[in-house]
Amino acid sequence: MLAKYWKKIGILILIIACIINVMSKLVNKVALNDELKASVQYLYNEAKQENNK
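Residues numbered from 1 in each chain as written. Predicted model: local features only at pLDDT ≥ 70, side-chain atom pairs only at ≥ 80, totals over all residues. Heavy atoms only, no water.

*Asks:* Explain the overall build of the protein to me, and be specific about the residues and the numbers.
*Replies:* If you tally the helices and strands in the protein, you get one helix and zero strands. Against the 2.2 N^0.38 benchmark of 10 Å for 53 residues, the protein shows a C-alpha radius of gyration of 23 Å, more extended than a compact globule. C-alpha atoms of the protein, sized along the principal axes, occupy 75 × 10 × 10 Å. Out of the 53 residues belonging to the protein, those deemed buried represent 0%. For the protein, the accessible surface area stands at approximately 5400 Å², while carbon and sulfur atoms represent 68% of it. (Helix = DSSP H or I, 4+ residues; strand = E, 2+ residues; numbered from the N terminus. Rg over C-alpha atoms; globule rule 2.2 N^0.38 Å. Buried < 20%, exposed > 50% of the residue type's maximum accessible area, 1.4 Å probe, protein only. Areas by Shrake-Rupley, 256 points an atom, 1.4 Å probe, with all protein chains shown as cover.)

Structure (structure tokens):
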């Protein structure tokens, strides 16, 4: 029975893998954007403190 449906099972597995891949990239992109914003804010604060001295 498995031999009869192997193409459909393979396509289903590929679709699930693609969805997981896209979702993980979106989650990592959001986390990366937050990290970059935090880094820019830190550098801005450091430069501001240097100018005040």
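*Asks:* Tell me what's going on with a nonpolar patch on the surface, and back it up with residues and numbers.
*Replies:* Taken together, the side chains of I11, I15, I19, V22, M23 and L26 define a hydrophobic patch exposed on the protein surface, amounting to about 570 Å² of accessible area. Here L26 is to be found in helix α1 (residues 6-52). Classification of L26 as partly exposed rests on a relative accessible area of 47%. (Patch = residues over 30% accessible without salt bridge, like charges linked within 9 Å, V, L, I, M, F, W, Y side chains within 5 Å. Salt bridge = Lys/Arg side-chain N within 4 Å of Asp/Glu carboxyl O.)

*Asks:* Break down the environment of Q41 for me, with residues and values.
*Replies:* With respect to the secondary-structure elements, Q41 resides in helix α1. Along the chain, Q41 and N28 lie 13 residues apart, while their C-alpha atoms are 20 Å from each other.

*Asks:* Could you give me a rundown of the environment of K4, with the residues and numbers involved?
*Replies:* Mapped onto the secondary structure, K4 falls in the segment before α1. The spatial distance from the C-alpha of K4 to the C-alpha of Q49 is 70 Å, given a sequence separation of 45 residues.

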